[in-house]
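Each chain, written out:
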Amino acid sequence: MLPGVDEPLVTRMRPFGETIFAEMSRLAAETGAVNLGQGFPDTDGPASLLEAAARHIREGVNQYPPGPGRPELRSAVAADRKRRYGIDLDPASEVYITVGATAGIASGVLGLVESGDEVVVFEPMYDSYAAVIALAGGVRRAVTLRPDPEAGGRFTFDPAELRAAVGPRTRMVVVNSPHNPTGTVFTRDELSAIAQVCRDNDLIALTDEVYEHLVYDGTEHHPLSTLPGMAERTLAVSSVGKTFSVTAWKTGWVMGPEPLVRAARTVNQFLTFTANGALQLAVADALRDEGEWVLGQRAALEGKRDRLCAGLRAAGLEVLRPQGTYFVITDIRPLGYSDGIELARSLPHAAGVAAVPAQVLYDNTDEGRHLVRFAFCKRDEVLDTAVERLVAALAG
């Protein structure tokens, strides 16, 4: 400890300690539990992607790439966005490569939010949002997503609550769809309500679309930037990790109008500067050539979702079936539990399974106290082992 200093960490970051994902993964490792907490697959992406990365490394692509990213990947991202959504992007000025989506989100918030500005977020929220808003000196305004019993427990929001969250200091709305952790994919009507609020109040939208390919049951992902009046005010973020099952590659991108991309770039050049060039080249090829693999992966994950949902119901949990992502939210109250943190911390010891309590992803923690998130992006035999353990421990 520094002399005369009780806590050297800056004040705005003191509420943030070890992330819940790291804690649950550590508990899983210590107890030998099946880790259904942190959202990473236990199988690799397409062989061509892995082989291309190794080839580029062997061929000497091992020094700094251009700061904005390899032109091959920026062009591939722009072409992919055009092909799937009809969005026109200039790869030279409207696409910027980052070290994963987390760095893209961080640089976007830090580059666009002044100290004291308010940022509207939908809760539960991915934990990095709260931390980076705090780093920027911003103020969070949370709009709660709640299960709709008439829609099978699908999470949605009240447009009136969204409008009420916006005030004279509001600068940005962060929109994550497909949504982690609820699995909701916002509909056109929901996105239209968000777009209306942005247009009426001259707000910037930052969209986290990392699960854009992982949607099920014929559900479609609609980028917010495709709605009227939103292209010029939306900074979109995505990445390769979830799409191609290479979460450790940490290769992402921000996309949007040049002024917003420039704001993110200006900050990011002093955070990470640039991202691995060999991996960028491999990702560029995969975006162009591996569409069939992505469709197969989506189908496999849909089956895994159904497999885990059935098992969690057998264990006595109420399952809120997701439309996308890697995750399923469960209500623990049918088992007589009311505190997700308490249950999640006990499960690795009592059942040999790790999960994540959803309440740590809320500002209004009572809204999510009874919810626990499980990841289904694992091999079938791993999911089956986890279910067997949960049924024995919870329903036995």
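Starting from 1, residues in each chain are numbered consecutively following that chain's sequence as written. Only residues with pLDDT of at least 70 are given local features in this predicted model, and only at 80 or more are side-chain atom pairs given and counted; all residues enter the totals for whole chains, interfaces and linings. Heavy atoms throughout the structure, all of them, feed into the side-chain values; hydrogens and water do not.

Participant: Even after reading the chapter, I still don't get helix H12 (residues 380-395), so can you show me in this structure?
Facilitator: Each full turn of the α-helix corresponds to 3.6 residues, which orients residues three or four apart in the same direction. Comment: elements are numbered from the N terminus, with helices defined as DSSP H or I runs of at least four residues and strands as E runs of at least two. The length a helix should cover is 1.5 Å for every residue beyond the first. When the terminal C-alpha atoms of H12 are compared, their 21 Å separation across 16 residues agrees well with the 22 Å that a helix rising 1.5 Å per residue should span. By the burial criterion, the buried members of H12 are Val382, Leu383, Ala386, Val387, Leu390 and Leu394. Seen from one end, H12 has its buried residues packed into an arc of 130°, which puts them on one side. H12 presents Glu388 and Ala392 as exposed residues on the side facing more than 90 degrees away from its buried surface. Residue contacts are defined here by distance: any two heavy atoms, one from each residue, within 4.5 Å place the two residues in contact. Buried-residue contacts for H12 involve strand S1 (34-35), helix H10 (291-314), helix H11 (340-350), strand S13 (353-354) and strand S15 (371-375). Here's how the labels work: a residue is buried when its accessible area is under 20% of the maximum for its type, exposed when over 50%, partly exposed in between, all with a 1.4 Å probe on protein chains only. The arc in question is the one traced by the directions running from the helix axis out to the C-beta atoms.

Participant: Just to check I follow, could you spell out the layout of surface pockets for this structure?
Facilitator: Left-over empty space is what a probe sized like a water molecule reveals as it rolls over the atoms. Approximately 980 Å³ is the volume found for the largest pocket. Along its surface, the largest pocket is lined by 47 residues, and Thr19, Phe21, Tyr126, Asp127 and Ser128 are the ones closest to its centre. Those elements that provide at least two residues to the lining of the largest pocket are helix H1 (20-31), helix H4 (100-112), helix H5 (127-135) and H11. A total of five residues in the lining of the largest pocket trace back to one element, the largest contributor, which is H5. Classifying every residue of the lining of the largest pocket by side-chain character gives 24 nonpolar, 13 polar and ten charged. Residue ranges labeled as domains rest on an automatic or database domain assignment. In this structure, the lining of the largest pocket is formed jointly by two domains, domain 1 (11-45 + 292-395) and domain 2 (47-289), each of which donates at least three residues. Looking at the second largest pocket, its volume works out to about 320 Å³. Within the residue set of the lining of the second largest pocket, elements represented by two or more residues are helix H3 (71-85), helix H9 (277-289) and H10. Think of it as three bins: nonpolar holds Ala, Val, Leu, Ile, Met, Phe, Trp, Tyr, Cys and Pro, charged holds Asp, Glu, Lys and Arg, and polar takes everything else, Gly as well. Class assignment for the residues of the lining of the second largest pocket results in seven nonpolar, five polar and seven charged. Grid points spaced at 1 Å over the protein atoms alone were grouped into cavities, where a 1.4 Å probe fits but cannot get out, and pockets, open sets with protein on both sides within 12 Å along at least five of seven lines, with lining residues defined by an atom within 4 Å of a point. Grid points are joined across faces, edges and corners, and a volume is the space filled by probe spheres set on the points.

Participant: In this structure, what is going on with the UniProt feature "domain: Aminotransferase class I/classII large" (unreviewed entry) in the protein? I would like to understand it.
Facilitator: Mapped onto the present numbering, the UniProt feature "domain: Aminotransferase class I/classII large" (unreviewed entry) falls at residues 34-390. The distance from the first to the last C-alpha atom of residues 34-390 is 10 Å, and the span holds 39% helix and 18% strand. UniProt positions are given in the numbering used here, feature names are shortened, and annotations may be inferred rather than shown by experiment.

Participant: What exactly am I supposed to notice about the nonpolar core here?
Facilitator: Where a protein is soluble and globular, its nonpolar side chains tend to be buried together. Ranked by internal contacts, the top residues of the largest apolar core, which has 59 residues, are Val109, Met172, Leu308, Phe374 and Leu390. When residues in this core are grouped by element, the largest group, six residues, is from H12. Beyond its immediate stretch of four places on either side in the chain, Met172 contacts Gly108, Val109, Leu112, Val113, Glu118, Val119, Val120, Ile204 and Leu206. What we call a nonpolar core is a set of buried Ala, Val, Leu, Ile, Met, Phe, Trp, Tyr and Cys residues that are connected through their side-chain atoms within 4.5 Å. Judged by nonpolar contacts, the second largest core, of 28 residues, contains Val175, Phe186, Leu191 and Val197.

Participant: Whenever I open this one, the environment of Val382 confuses me. Can you help?
Facilitator: Here Val382 lies in helix H12. Not counting chain neighbours up to four residues away, the residues in contact with Val382 comprise Val34 and Asp42.

Participant: Before we go on, may I ask you to explain the environment of Ile105 in this structure?
Facilitator: With respect to the helices and strands, the residue Ile105 is situated in helix H4. Note on Ile105: relative accessible area 3%, which makes it buried. Expressed as a C-alpha distance, the spacing of Ile105 and Gly252, which sit 147 residues apart in the sequence, is 9.9 Å. Not counting the four nearest positions on each side in its chain, Ile105 is found in contact with Tyr129, Val132, Leu206, Asp208 and Val237.

Participant: Help me out: how do you make sense of the packing of aromatic side chains in this one?
Facilitator: Any two aromatic rings considered together are summarised by their centre-to-centre distance and by the angle between their planes. Aromatic rings from Phe, Tyr and Trp, with only the six-membered ring used for Trp, were paired whenever their centres fell within 6.5 Å, and each pair was classed as stacked if the ring planes differed by under 30 degrees, edge-to-face if by over 60, and tilted otherwise. Following the criterion strictly, the structure yields eleven aromatic pairs and no others. Ring plane angle 75° and centroid distance 6.0 Å describe the contact between Tyr126 and Tyr129, whose orientation is recorded as edge-to-face. What makes Tyr126 partly exposed here is its relative accessible area of 25%. Under the relative-accessibility criterion, Tyr129 is labelled buried at 3%. For a ring to carry a charge above it, either NZ of a lysine or CZ of an arginine must fall within 6 Å of the ring centroid while also lying within 35 degrees of the normal to the ring plane. Lying over the aromatic face of Phe327, Arg373 brings its terminal NZ or CZ to 3.5 Å of the ring centre.

Participant: Could you clarify how one ought to interpret the pairing of strand S8 (residues 204-208) in this entry?
Facilitator: Look at any regular strand and the pattern is simple: side chains alternate between the two faces of the sheet. With five of five residues buried, S8 lies mostly within the body of the structure. Strands were regarded as paired on the criterion that DSSP finds at least two bridges between them. Where strand S7 (residues 170-176) meets S8, five bridges bridge the pair, whose relative direction is parallel. Note on S8: the bridge partner recorded for Asn176 is Asp208. Of the pairings in the sheet, the one linking S8 to strand S9 (residues 234-239) comprises four bridges and is parallel in character. The residue bridging Thr207 from the neighbouring strand is Ala236, located in S9.

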